[in-house]
Structures are given as structure tokens and as C-alpha cells.
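Secondary and tertiary structure notes
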Amino acid sequence: MNKNRTTQHTGQDGPLVGRIALVAGATRGAGRALAVELGRAGATVYVTGRTTREHTSEVGRTTETIEETAELVTVAGGTGIAVPTDHLDEARVRALVERIDHEQGRLDILVNDLWGGEHLLVGSVFGKKSWETPLADGLRILELGVRSHVITAALALPLLVRSDAPLHVEVTDGTAVSNRRYRENLYYDLAKNAPIRIAFGLGEELAEYGGTAVAVTPGFLRSEQMLAHFGVSEDNWRDAIAQEPGFAIAESPHYLARAVAALAADPDRSARWNGKSTSSAELARVYDVRDIDGSQPDAWAYFEDITYGGKDSPADDYR
């Protein structure tokens, strides 16, 4: 059986030809992959972030830039346009939206993948009570994970609703179901639950425009930062399983991205997804999407059964 059954369109034959997308937070990880896969489906994709070839954000990684993301979008068959933007700067976000309006006249797909707070987690979040987290770090987490999303939505939605089928995607960590458990620290819990409520609320508001707002989450993401953390690459990522057994269920950023691109091309997406929270695995099952290795991992089922449920099953059962 051919496990990679999902049809991969490229450029001019893609289902999103003529569509205009903005992926806010597209420097690396899921955001970069989302931009690339939307481009592969034919979209024109504006990609934003704070790290450029001339400037590095507080994340501190120089190895990924928004210019490179835009180039990858174009190579995939779309049109990638890099616009350096700090989404906590209202003036910069207004300028971004005005540029898209001037150049395109509308926006069809808005992906809010803003975060960039990983550098705060190990020292200020994990293993700490909220009152042990430095207040400045806690508030920064809320700025990066919540305020940036709200600013971007508030300023871009007037353009988005000009589309004949507006799509707003909130990217977070965890579904509404999985996040019923406390996410270790108050600030992190708020930052990762807020996008789910944003999608729910905007689903109510976009309904009269025929729009869709949905919150999506990857599983155990093999982002560039996660690979670096374990000292592996995409080619030998399985070597990290010895350090972290749960990494056996890891997925590439393209898994979620392919699933979201399929959702964006679905004419019935509003009835299926508006206001809801979903995962890469659930979308993959609905749209028959596969990861780059042909597998179909379900990390959240693995966490539920193995991590929390104590079930003794191999990770391969969840791929």
C-alpha cells in the first residue's frame, strides 16, 4: 500500500491558486511549513517574523529567516513575500495590512502562528509555580502568545472579511480536550489556551461572512529548535529517542501544514471546523494527509494513553 496517498499539488495546479494568505510568525517551525504548504497549493503568501538576514529576534537563532521562508514558498510553487514585522508593534502590523490591501485588495487566509517564547520556558516556567516565575518573563509570555494574536486579528480581520470565504487559523499547543489539564504554569497555560478561545469567539463573529475560525495544534513537533535541543537533524531525528522516548511519536512541521492546506481548500470547512479546536492528527484523518515519511502520527492519543493513562503500547502504534 502506498502510505503517502495525499495528492501533492504544486503551484499553478494547486487548489489555492489566486488565494492571498498571511502567515504571521513564519520564521521557522510550524509557521514556516504552513507558509510553504499554502504556497505549494498555489497561494500568494505574505510571511512575517522578527528574524531577518540583518536582524535577530530575542529567540536568538540566526539560522532561519523570513526571507528564506519566502524563498521556500516560491520554490514550492507559490509566491512568497517576506515582510519583517513585530506583531506587538501596532504601527508595523497596520503597515503590513495596508500593504496587503494595496497590493492585493483582500486577504483570504490569516494564520496566527505567533509565539517565540521558547527561550523563557526552561528557566522561568517549567517546574516553577506562577509566583516563582519572574513577573517580567510571565508577562512577556502573555505578550508573545496572546497580545500579539489579538493585535494581528484586530487589525487584519477588516481585510479578511472582504474574502468570499475568510479563514482564520490560530496555532497553539494542545487542543481544548488535551488542555483541560493544567499546562504546568499559569502563564504558559493562559498563553496556550487563549488561541483556542480566540478561534471560538472569532468563529461566532465570522459566521455571518461565511468565514471559518479554527484553532489547530501540532503534536510533538520536530521543529528546528527541538532538533537542536536534542542535538539531531531531520535526517537522524530518531537518535533522540534514547534521550526522550516520547520523541518516537514526533512529527515534522509539514504534517500540520499539509493538513491546514487541505482544510483551506475544503469548500465545506465552515460547517466542519468553525469555532473548533483540532489537531494535526485529526485533520490528517479527515483529509487523508501523511507526514513527510508517509506516517500519520497521533501524538495527543499517545500522550493520553501512554503518558497519562499508563498504557503499555509501542509508539509505532500511534504512527
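Refer to the preceding data block for the structure.
A brief look at the structure comes next. This is a predicted model, so every value here is computed, not measured.

Our focus in this paragraph is the side chain of Arg32. For Arg32, the position within the fold is in helix H1 (residues 29-40). There is a polar contact of 3.2 Å between the side chain of Arg32 and the backbone oxygen of Thr27. At 3.0 Å, the side chain of Arg32 forms a polar contact with the backbone oxygen of Thr65. Not counting the four nearest positions on each side in its chain, Arg32 is found in contact with Ala26, Thr27, Glu64, Thr65, Glu68, Thr69, Leu72 and Glu224.

Another point: the sheet that holds strand S1 (residues 20-24). Note on sheets: strands pair through backbone hydrogen bonds, and any given pair is parallel or antiparallel. Taken in spatial order, the seven strands line up as S3-S2-S1-S4-S5-S6-S7 in an open sheet, and their pairing is parallel. Lying at the two open borders of the sheet, with one neighbouring strand each, are strand S3 (79-84) and strand S7 (277-279). Each strand axis lies, on average, 20° off the axis of its neighbour in the sheet, ignoring direction. As paired elements, strand S5 (residues 167-171) and strand S6 (residues 212-217) share five bridges and run parallel to each other. Across the sheet, residue His168 finds its bridge partner in S6, namely Ala213. Helix H6 (residues 186-206) contacts S5, S6 and S7 of the sheet and is inclined by roughly 165° relative to S6.

Moving on, we come to the packing of H1 against helix H8 (residues 253-264). Relative to each other, H1 and H8 sit at 45°, their axes nearing to 8 Å. For the element pair H1 / H8, the angle class is oblique. As for how H1 packs across H8, the hand of that crossing is right-handed. Between H1 and H8, the residues in contact are Gly29, Ala30, Ala33, Leu34, Val36, Glu37, Leu38 and Arg40 and Pro253, His254, Leu256, Ala257, Arg258, Val260, Ala261 and Ala264, respectively. Residue classes in the contact of H1 with H8 are distributed as eleven nonpolar, two polar and three charged.

Calculation notes
- Residues numbered from 1 in each chain as written.
- Predicted model: local features only at pLDDT ≥ 70, side-chain atom pairs only at ≥ 80, totals over all residues.
- Heavy atoms only, no water.
- Helix = DSSP H or I, 4+ residues; strand = E, 2+ residues; numbered from the N terminus.
- Polar contact = N/O pair within 3.5 Å; in protein donor to acceptor, adjacent residues only side chain to side chain.
- Contact = heavy atoms within 4.5 Å.
- Pairing = 2+ DSSP bridges.
- Axes fitted to C-alpha atoms, helices over the stretch in contact; angles between N-to-C directions.
- Parallel < 35°, antiparallel > 145°, perpendicular 65-115°, else oblique.
- Left-handed = near helix turned anticlockwise from the far one by under 90°.
- Nonpolar A, V, L, I, M, F, W, Y, C, P; charged D, E, K, R; others polar.

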